[in-house]
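Understanding the architecture of this molecule
As a plain string of letters, each chain reads:
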Amino acid sequence: MNLDFNNKNMITRIYLLALLLFLPPVLEAKLLDGAIAPNFTATDINGVEHELYEILASGKNVILEFSTTWCGPCWTYHDSGALKSFYEEYGESGSDESEVFFIEVDERTTIDDLNGIGGSTAGDWVTGIKYPIIDDASLGFLYQISGYPRLMMVCQDRRITNLPLPDEEGLAEFTSTCDYDVEQAPIVNIKSDRNHSC
């Protein structure tokens with residue numbers, strides 16, 4: 001096929017336009033609403049192991065906050081106290097109907113960063129927080145997280161709902177919308193550890 005310069009140029013422009021049209025969904029990759037949450041077993045910064053499906057089977061809905069210590073908007077949401085207040089009312093020391101996990105997903109984050117004294121942090125993420133904090137970048141890959149902060153609700157039927165960044169009342173409203181049949185809940189088992197990479 002013999003194409004002159006103008007035709008090749010036009011084909012290149014069409015190709016670039018098509019690429020740009022399909023690029024935004026790639027940049028916002030995440031598990032979609034209604035997807036089955038992959039199971040994970042992860043250890044928090046206090047050495048306690050947590051398995052997602054076990055928590056769901058115990059009758060709790062789970063809020064996952066994916067974040068990084070250097071992220072300004074993440075700090076603003078954390079500092080708002082929405083998850084802290086929600087956990088105090090609906091977590092272990094409250095009605096115990098929900099669990100919250102703060103998941104730090106930058107593999108370079110240190111415990112000093114989480115405690116607010118490292119070189120890559122917006123503040124102290126640990127003091128005053130009673131819900132588990134997990135420092136495990138592999139969970140970001142597992143849940144296809146590409147932007148921060150990202151909030152997901154996992155209902156007892158293991159289905160995901162991506163959330164905006166609601167206040168405590170908004171979180172309670174979202175968790176009350178879980179409509180599930182636990183007996184029919186599908187299973188996706190993936191073991192998470194610090195050496196996992198995609």
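Described in the following lines is the structure provided in the data block.

**Remarks on the packing of aromatic side chains**
In this structure the tally under the stated criterion is eight aromatic pairs. Here Trp70 and Tyr148 contribute two aromatic rings whose centre-to-centre distance is 6.3 Å and whose plane-to-plane angle is 85 degrees, an arrangement assigned as edge-to-face. Highlighted residues: Trp70 in the loop between β3 (61–67) and α3 (72–80) and Tyr148 in the loop between α6 (137–142) and β6 (150–154), separated in sequence by 78 residues. Residue class for Trp70 comes out partly exposed when judged on its relative accessible area of 42%. Put simply, the rings of Phe40, Phe66, Phe101 and Tyr143 touch in pairs and so form one group of aromatic residues. Taking the ring centre of Tyr53 as reference, the NZ or CZ of Arg158 above it sits at 4.3 Å.

**Quick look at α3**
Burial in α3 covers these residues: Cys74, Trp75, Tyr77 and His78. One face of α3 carries all of its buried residues, which in axial projection span an arc of 165 degrees. Turned more than 90 degrees off the buried face of α3, the exposed positions are Pro73, Thr76 and Asp79. As for α3, its buried residues are in contact with β3, α4 (82–90), β6 and α7 (168–175). Residue Gly81 follows α3 closely and has a positive phi angle near 80 degrees.

So, how was this worked out
Residues numbered from 1 in each chain as written. Predicted model: local features only at pLDDT ≥ 70, side-chain atom pairs only at ≥ 80, totals over all residues. Heavy atoms only, no water. Phe/Tyr/Trp six-rings, centres within 6.5 Å; stacked < 30°, edge-to-face > 60°. Helix = DSSP H or I, 4+ residues; strand = E, 2+ residues; numbered from the N terminus. Buried < 20%, exposed > 50% of the residue type's maximum accessible area, 1.4 Å probe, protein only. Lys NZ or Arg CZ within 6 Å of the ring centre and 35° of its normal. Arc of directions from axis to C-beta. Contact = heavy atoms within 4.5 Å.

Limitation: the analysis is restricted to geometry and does not speak to function.
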